[in-house]
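# Coordinates in review
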Amino acid sequence: MHLSQLNRECLLHLFSFLDKDSRRSLSLTCRQLREVYLDPCLWNLLHFSSPCQLRWDNYVLGPSLRHLTICWYSSRVQLVCNIEDWLKSSFQKDICSKHENLVSTFLAHVCHMCPNLVTLTLSGCAHITDHDVVSVLQSCKKLRSLRLENCVRITDRSLQAVAVQGDNLEEVRVDFCRNITQAGLQSCKEARPVVRLSAERSADMIPDSKPEEKEPLRRALQKFLQYS
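Let us look at the structure shown here. Bear in mind that the values here come from a model prediction, so they are computed numbers and not experimental data. (Residues numbered from 1 in each chain as written. Predicted model: local features only at pLDDT ≥ 70, side-chain atom pairs only at ≥ 80, totals over all residues. Heavy atoms only, no water.)

## Examining the overall build of the chain
- The secondary structure content of the chain amounts to 10 helices and 6 strands.
- Relative to its full complement of 228 residues, the chain shows a buried share of 46%.
- Residue pairs in contact within the chain that sit at least 24 positions apart in sequence constitute 64% of those at least 6 positions apart.
- If you sum the accessible surface of the chain, you get close to 12200 Å²; carbon and sulfur atoms cover 53% of it. (Helix = DSSP H or I, 4+ residues; strand = E, 2+ residues; numbered from the N terminus. Buried < 20%, exposed > 50% of the residue type's maximum accessible area, 1.4 Å probe, protein only. Contact = heavy atoms within 4.5 Å. Areas by Shrake-Rupley, 256 points an atom, 1.4 Å probe, with all protein chains shown as cover.)

So, in structure tokens, the structure goes:
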């Protein structure tokens, strides 16, 4: 039996065992398989291991997406992206400029196209901001799990959004997010006592400083030693 002779349910089942690249390659062989590839039901889970993968044309966003993970475990995150903008050299800023808006732009598309998202995990996404988190919480009302790890621009404002918008949230993790404070965590716990809130190391880390603050070099060195 030829593959194209299988019914749509069987084809969807077969496609579900393939990775994103294999699905796309198979979809280029004929129109029938292309239609299966584009079926939103196939794309209920997406995992990306770097922001650059968000540029690739090997996935489909749609209302069936339930679980989204973007994890970037790279030395570049620690040594370049995690540095405060005003402390970055021109070379470091140039590196960041090539990818700093990728995750935020992608999350904006998720807000418009994936209202049924249930879990969101972002790790090493140093350039996402509170605005991105707030937008997701406002648009994806069914979100039950929000996990943020080593997202250095995230502040207590995201926790405030959890308190206001997170009606269906069951779990929130803000691990190694240095601009989260103990006061922000306590306020979130009081507003959402049923939410499992975790913040490994976050409130104990050195928060961002401003250019006018004293001893910026000492603080920058301390942060570098924290991440190294």
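Additional details are given in the paragraphs that follow.
## Some remarks on the sheet that holds strand β6 (residues 196–198)
- Pairing is parallel across the open sheet formed by 6 strands, whose spatial order is β1-β2-β3-β4-β5-β6. Single-partner strands in this sheet number two, and they are β1 (45–48) and β6. Pairwise comparison of adjacent strand axes, ignoring direction, gives a mean angle of 0 degrees for this sheet.
- Across 5 bridges, the pairing between strand β4 (residues 145–149) and strand β5 (residues 171–175) is parallel. Paired with arginine 147 across the bridge in β5 is arginine 173.
- Here helix α6 (residues 102–113) sits on the sheet in contact with β1, β2 (67–71) and β3 (119–123), set at roughly 175 degrees to β2. (Pairing = 2+ DSSP bridges. Axes fitted to C-alpha atoms, helices over the stretch in contact; angles between N-to-C directions.)

## Description of the state of the cysteines
- Following the criterion strictly, the structure yields 0 disulfides and no others.
- As a non-bridged cysteine, cysteine 151 has cysteine 177 as the owner of its nearest cysteine sulfur, 5.1 Å distant.
- For cysteine 151, a relative accessible area of 0% gives the class buried. (Disulfide = S-S within 2.5 Å.)

## What to know about the pattern of salt bridges
- One pass over the full model with this rule turns up 9 salt bridges.
- The partner of aspartate 167 in a salt bridge is arginine 192, and the shortest N-O contact between them spans 2.8 Å. With aspartate 167 in the loop between α8 (156–165) and β5 and arginine 192 in the loop between α9 (182–191) and β6, the pair connects residues that are 25 residues apart, well separated along the chain.
- Overall, aspartate 167 belongs to the exposed group, its relative accessible area being 59%.
- Linked through salt bridges whose partners overlap, the residues forming this network are Asp85, Lys88 and Arg153. (Salt bridge = Lys/Arg side-chain N within 4 Å of Asp/Glu carboxyl O.)

## Points about the environment of leucine 143
- Topologically, leucine 143 is positioned in the loop between α7 (130–139) and β4.
- Since its relative accessible area comes to 3%, leucine 143 is described here as buried.
- Taking the C-alpha atoms as reference, leucine 143 lies 8.7 Å from arginine 66; in sequence the two are 77 residues apart.
- Not counting the four nearest positions on each side in its chain, leucine 143 is found in contact with Leu117, Val118, Thr119, Leu120, Val136, Leu137, Asn168 and Leu169.

## Some points on the environment of aspartate 208
- Here aspartate 208 lies in the loop between β6 and α10 (216–227).
- On the accessibility criterion, aspartate 208 (30% relative accessible area) is partly exposed.
- Through-space distance from the C-alpha of aspartate 208 to that of valine 152 is 8.7 Å; in sequence the pair is 56 residues apart.

## Some details on the side chain of glutamate 171
- When you line up the elements, glutamate 171 lands in strand β5.
- A distance of 2.9 Å separates polar atoms of two side chains, one belonging to glutamate 171 and the other to serine 145.
- Setting aside chain neighbours within four positions, we find glutamate 171 in contact with Arg144, Ser145, Leu146, Arg147, Val195 and Arg196. (Polar contact = N/O pair within 3.5 Å; in protein donor to acceptor, adjacent residues only side chain to side chain.)

## Considerations on the nonpolar core
- Core analysis: the biggest nonpolar cluster contains 50 residues, and Leu68, Ile70, Phe106, Leu120, Leu122, Ile128 and Leu148 have the highest contact counts within it.
- Here this core takes 5 residues from α6, the largest share from any one element.
- The residues contacting leucine 148, other than those within four sequence positions of it, are Leu122, Ile128, Val133, Ile154, Arg173, Val174, Asp175 and Cys177.
- Among the nonpolar cores identified, the runner-up in size contains 7 residues, and Trp72, Cys96, Ala126 and Val152 belong to it. (Core = buried A, V, L, I, M, F, W, Y, C linked by side-chain atoms within 4.5 Å.)

## Remarks on α7
- Extensive coverage of α7 is indicated by the burial of 7 of its 10 residues.
- Regarding α7, the residues found buried are Asp130, Asp132, Val133, Val134, Ser135, Val136 and Leu137.
- Next to the buried residues of α7 lie α6, β3, β4 and α8.

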